[in-house]
Amino acid sequence: MAVLRTGLVALSMMALASGAQAEAGRIEERTLPYAPLPADLKAVDEIIKAPLSDDFVAKTYTAPDGRTVPYRLLAPAAVAAQPMAAKLPLVVVLHGSGSIGQDNAGQMTGFAKAWALPDLRRRFPAYVVVPQVDARSADYALGADGLPASHPGATLPAVLALVDDLAGRLPVDPARIYVVGFSMGASAALDALVAKPGRFAAAVAFSSVPPERAQAPGVATVPTLQVHGDQDTENPYAPDHAWAEAVAAAGGAPVFVRYQGMEHRVPPDMILAPGWREWLFAQRLTPAVPPRP
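As the structure is a prediction and not an experimental result, all values here were calculated from the model.

**Q** Quick question: what am I supposed to make of the overall build of the chain here?
**A** Scanning the chain for helices and strands turns up nine helices and eleven strands. A burial count over the chain gives 54% of its 293 residues as buried. Partitioning the contacts of the chain with sequence separation of at least 6, the portion at a separation of at least 24 is 76%. For the chain, the accessible area works out to roughly 12,300 Å², and carbon and sulfur atoms hold 58% of it.

**Q** Sorry, what's going on with the pairing of strand E9 (residues 202–206) here?
**A** Within a regular strand, the side chains alternate between the two sheet faces. Within E9, five of the five residues are buried, which leaves the element mostly enclosed by the surrounding structure. What you see with E9 is no split at all: Ala202, Val204 and Phe206 on one side and Ala203 and Ala205 on the other are buried throughout. In this view, the connection linking strand E8 (residues 172–182) to its parallel neighbour E9 by way of helix H6 (residues 184–195) has right-handed handedness. Pairing geometry for E9 and strand E10 (residues 224–229), over four bridges, is parallel. Residue phenylalanine 206 lies in a different strand from E10, and its bridge partner there is valine 227.

**Q** How should I be thinking about the nonpolar core in this particular structure?
**A** In a soluble, globular protein the nonpolar side chains are often hidden away together inside. Leu90, Val92, Val129, Val179, Leu193 and Phe200 are the most contacted members of the largest nonpolar core, which has 42 residues in total. Sorting the residues of this core by element identifies strand E3 (68–74), strand E4 (88–94), strand E5 (127–131), helix H5 (156–169), E8, H6, E9 and helix H7 (237–249) as the ones contributing at least two each. Tallying contributions element by element places H5 first for this core, with eight residues. Counting 41 residues, the second largest nonpolar core, distinct from the first, contains Ala43, Phe111, Leu120 and Tyr259.

**Q** When you look at the packing of aromatic side chains in this model, what are you seeing that I'm missing?
**A** Each pair of aromatic rings is reported with the distance of its centres and the angle of its planes. On inspection of all chains with the given rule, the structure shows eight aromatic pairs. A ring pair is formed by tryptophan 115 and phenylalanine 281, whose centres lie 6.4 Å apart and whose planes are at 25°; its orientation type is stacked. Here tryptophan 115, found in the loop between helix H3 (110–113) and helix H4 (118–123), pairs with phenylalanine 281, found in helix H9 (residues 275–281); they are 166 residues apart in sequence, far enough to count as distant. Note on accessibility: tryptophan 115 and phenylalanine 281 belong to one class, buried. With a centroid separation of 5.5 Å and an interplanar angle of 35°, the aromatic rings of tyrosine 178 and phenylalanine 281 are classed as tilted. Here the residue tyrosine 178 occupies a position in strand E8, and phenylalanine 281 occupies one in helix H9, the gap between them amounting to 103 residues. Here phenylalanine 281 falls in the buried class, since its relative accessible area comes to 12%. Among the aromatic side chains, those forming a connected cluster through ring pairs are Phe111, Trp115, Phe124, Tyr178, Phe206, Trp276 and Phe281. One Lys or Arg, arginine 136, reaches over the ring of tyrosine 140 and ends 4.9 Å from the middle of that ring.

**Q** Please explain H7 as it appears in this structure.
**A** Residues separated by three or four positions in an α-helix point in the same direction, a consequence of the helix having 3.6 residues per turn. The end-to-end C-alpha distance of H7, which contains 13 residues, comes to 19 Å, matching closely the 18 Å that a straight helix rising 1.5 Å per residue would cover. Most of H7 is tucked away, with ten of its 13 residues classed as buried. For H7, the full list of buried residues reads Tyr237, Pro239, Asp240, His241, Ala242, Trp243, Ala244, Ala246, Val247 and Ala248. For H7, the secondary structure elements touched by its buried residues are strand E1 (28–33), strand E7 (148–152), H6, E10 and strand E11 (255–260). Immediately beyond the C-terminal end of H7, within one or two residues, lies glycine 251, with a positive phi of roughly 100°.

**Q** Would you take a moment to explain the environment of lysine 196 for this structure?
**A** Tracing the chain through its elements places lysine 196 in the loop between H6 and E9. In the structure, lysine 196 is positioned 23 residues away from valine 219 in sequence and 9.8 Å away in space, judged by C-alpha atoms. When neighbours within four sequence positions are excluded, lysine 196 is seen to be in contact with Leu160 and Asp164. Within polar-contact distance, the side chain of lysine 196 engages the side chain of aspartate 164 at 2.8 Å.

Thresholds applied
Residues numbered from 1 in each chain as written. Predicted model: local features only at pLDDT ≥ 70, side-chain atom pairs only at ≥ 80, totals over all residues. Heavy atoms only, no water. Helix = DSSP H or I, 4+ residues; strand = E, 2+ residues; numbered from the N terminus. Buried < 20%, exposed > 50% of the residue type's maximum accessible area, 1.4 Å probe, protein only. Contact = heavy atoms within 4.5 Å. Areas by Shrake-Rupley, 256 points an atom, 1.4 Å probe, with all protein chains shown as cover. Right-handed = clockwise from strand over helix to strand, strands pointing away. Pairing = 2+ DSSP bridges. Core = buried A, V, L, I, M, F, W, Y, C linked by side-chain atoms within 4.5 Å. Phe/Tyr/Trp six-rings, centres within 6.5 Å; stacked < 30°, edge-to-face > 60°. Lys NZ or Arg CZ within 6 Å of the ring centre and 35° of its normal. Expected span 1.5 Å × (residues − 1). Polar contact = N/O pair within 3.5 Å; in protein donor to acceptor, adjacent residues only side chain to side chain.

This is the structure we're talking about:
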């Protein structure tokens, strides 16, 4: 398997910027050229074409609202060797609108399948859940600032109920539940922060339409990493950056990666890159401190 190189050095530095270390009230910006190497593209193509790993076990969940959610669950490779008391992160991977369905396979894009690769699975032991929705998880409308904004779709409550169910049944560290997504799934990931405060320790959103900017203060303390191409004509770049600005204005410390010349996609050099995963796994919920009497 080829090693993805483009932007990897810069991205690996994000591991140094944990939520506690990042400077509140400003955006930590990265600008990278979209120039994937042929070896990068070949490696990603191999992942996409590879058979779905049996380690991603097919399951089904019925939510309290009656909606059925097919999903795939990847357990840590060394789970049998973990002490019974060990609790590991839960990573929720949300798909784009092109994967809407109920076959429990369409959501398994290269972005999702990469978590089962031996090196990544070893370096980032976690439970990884990839739900599939049969209708939109995020819907879009113009926000108060005239830019597109997202709000939870009909299926997001069932997905959030699935997360709660898994967190209650698996040896999951409640302080290390993460949500990541692409396109509609990235929008839903940010909407999930608003809908379920205190549940997620961090979010990574690739090419999202973010929530209404007025909602940013309520989630400003949640570390977020947003990645967007400045030539994206499907989910425009401007509202995503406006969300990061609103989060920073509310005292947050978002990380924003801009890919120059990239259209609507997950950059190939990030599908396998450990840098953003290192950043993600460094985040942890901190218990709320009760007010002093």
